[in-house]
Amino acid sequence: MPKRIAIISFSVGWGHLRAADVIHRALNDGGDSVDVRIADAIELGRSWFRWTYLTPYRWMLRNAPGFWRWLFEYRQRMRHSSTAPAWLLRHGCVEALRQLKAFSPHLVIATEIGAAEIAALGRREGWFNAPILAVQTEFQTEPPWVQREIDIYCVASDEAKAQLISWGVSPNRVLLTGIPIDPAFALAFDRPELYRALGLDSRRPVVLVMGGGMKPAPLDEIVRSLEFCGSPLQVLAVTGHDEPRKLRLESLRGKVALDLHTFGWSETIPELMAAADVLITTPGGTTAAEAMAMGLPMILTHPAPGQEERHVRYFEQKGVAILAGRLEEIPQLTSRLLARPDDLKEMARRGRDMARPDAAHAIAQVARALFETSTYIDLLAVPPPRPGDSAYLM
């Protein structure tokens, strides 16, 4: 009988869903008989819940970023235990809870903070009875991740681990695995072959431009700004699911002094990163983890207030990225980096040193260990020290 694993995510940015997908694939790669199902609690949620949960957040990011920054930092200082009231999650995400109950999983994996709250609520209220593995896709963390029902945390950085421990999570329950990404980002691609496939000139520098998430970067303005670099750039611009933006970028061909290549939602991001010399992007956790695994230096721009601004400080301190605080700085910083190949190599080296391209398979091993104690990790089922605490301990 295959083990049943439910992966819960929230489609608040695509990184959380990408993490769920690569964990799914890693679990299936293990050779064990598993039945893995992914549930997007936002997509399954009631329409009024999606509006109530997402609309204020999106509005503040676009129209009142200073207020969102203050609110984020206030929640951090006051250690808020939830992103939304339990009743809102219970009634708004009842379909996700019903599916969990019907599936009766042996393990639940949560890849987003709201999804972790749903999982904890579901176990607390008896919708399922299984251990919970929380997988974080950011290099910093937030207090609502701390839920008594969560057994193990897989985190991306020592800083995130220290934060959870400072908020009362046992060090034995926090594992530094990295952010789950496609292992293809660690492959050694044949660059001349990539250049031929993408129609690129090996004598000219290549800049990859990306920027999705809840506060998308103005890709068309960024691409226009790169004209001022003063060198014959080749630009790969990825718009994701934003078809109108892709059309606007395509309309720039022949109007800008750049060799511009545009892509929508693409499964070839590893190849595009392997072909690029520099990445210009918003500082999302998953994209940064992919770039570091590829050894691709980053210019960070248009960070969303809160988590992404903390990412900027983190990546700058680690020496794997630099910040373009204003649109006008992007061409200057791009030219400066491309003119200093030794700096590019050092940033690439530091990125690879930090990268954990095997994170998805490490997380899959932890997942199996939570219901198969014969694996390399011994799990001790002990009486919970306090009512409501998890009974699983590493």
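Residues numbered from 1 in each chain as written. Predicted model: local features only at pLDDT ≥ 70, side-chain atom pairs only at ≥ 80, totals over all residues. Heavy atoms only, no water.

1. Structural notes on the sheet that holds strand β11 (residues 298-301)
Pairing is parallel in the open sheet, where 6 strands are placed in the order β9-β8-β7-β10-β11-β12. Of all the strands in the sheet, just β9 (259-263) and β12 (321-324) have a single pairing partner and so form its edges. Pairs of neighbouring strands in the sheet enclose a mean axial angle of 20°, with direction left out of account. Taken together, the 4 bridges between strand β7 (residues 206-209) and strand β8 (residues 234-238) define a ladder with parallel strand orientation. Within the sheet, the bridge partner assigned to Val 207 lies in β8 and is Val 235. Against the sheet, helix α11 (residues 243-250) touches β8 and β9, its axis set at about 165° to β9. (Pairing = 2+ DSSP bridges. Helix = DSSP H or I, 4+ residues; strand = E, 2+ residues; numbered from the N terminus. Axes fitted to C-alpha atoms, helices over the stretch in contact; angles between N-to-C directions. Contact = heavy atoms within 4.5 Å.)

2. What about the nonpolar core?
Core analysis: the largest hydrophobic core is formed by 38 residues, its most contacted members being Phe 10, Phe 49, Tyr 53, Val 108, Tyr 153 and Leu 164. At 6 residues, helix α7 (residues 113-124) tops the list of elements feeding residues into this core. In contact with Tyr 53, other than residues within four places in its own chain, are Phe 10, Ile 42, Thr 83, Ala 84, Leu 89 and Gly 114. In this structure, Phe 139, Ile 179, Leu 279 and Ala 288 belong to the second largest nonpolar core, which totals 36 residues. (Core = buried A, V, L, I, M, F, W, Y, C linked by side-chain atoms within 4.5 Å. Buried < 20%, exposed > 50% of the residue type's maximum accessible area, 1.4 Å probe, protein only.)

3. Points about the pattern of salt bridges
Under the counting rule described, the total for this entry stands at 24 salt bridges. One connected set of salt bridges, linked through shared partners, spans Glu 346, Arg 349, Arg 350 and Asp 353. (Salt bridge = Lys/Arg side-chain N within 4 Å of Asp/Glu carboxyl O.)

4. Notes on the confidence of the model for the protein
Residue-level pLDDT values for the protein average 90, and 93% of them are 70 or greater. Under a pLDDT of 50 for its full length, residues 379-394 has, in the predicted model, 41 contacts with residues more than four places off or in other chains. (pLDDT = per-residue confidence, 0-100.)

5. Quick notes on the packing of helix α3 (residues 47-63) against helix α4 (residues 65-78)
One can describe the packing of α3 onto α4 by two numbers: an axis separation of 6 Å at closest approach and a directional angle of 120°. Taken together, α3 and α4 sit at an angle that is classed as oblique. Contacts between α3 and α4 involve Tyr 57, Met 60, Leu 61 and Asn 63 on the former and, on the latter, Pro 65, Phe 67, Trp 68 and Leu 71. Residue classes in the contact of α3 with α4 are distributed as 7 nonpolar, 1 polar and no charged. (Parallel < 35°, antiparallel > 145°, perpendicular 65-115°, else oblique. Nonpolar A, V, L, I, M, F, W, Y, C, P; charged D, E, K, R; others polar.)

6. Some remarks on the packing of α4 against helix α14 (residues 307-318)
In the contact formed by α4 and α14, the axes pass within 10 Å of each other and the chain directions differ by 80°. One finds that α4 runs roughly perpendicular with respect to α14. Contacts between α4 and α14 pair Arg 69, Phe 72, Glu 73 and Gln 76 from the former with Gln 307, Glu 309 and Arg 310 from the latter.

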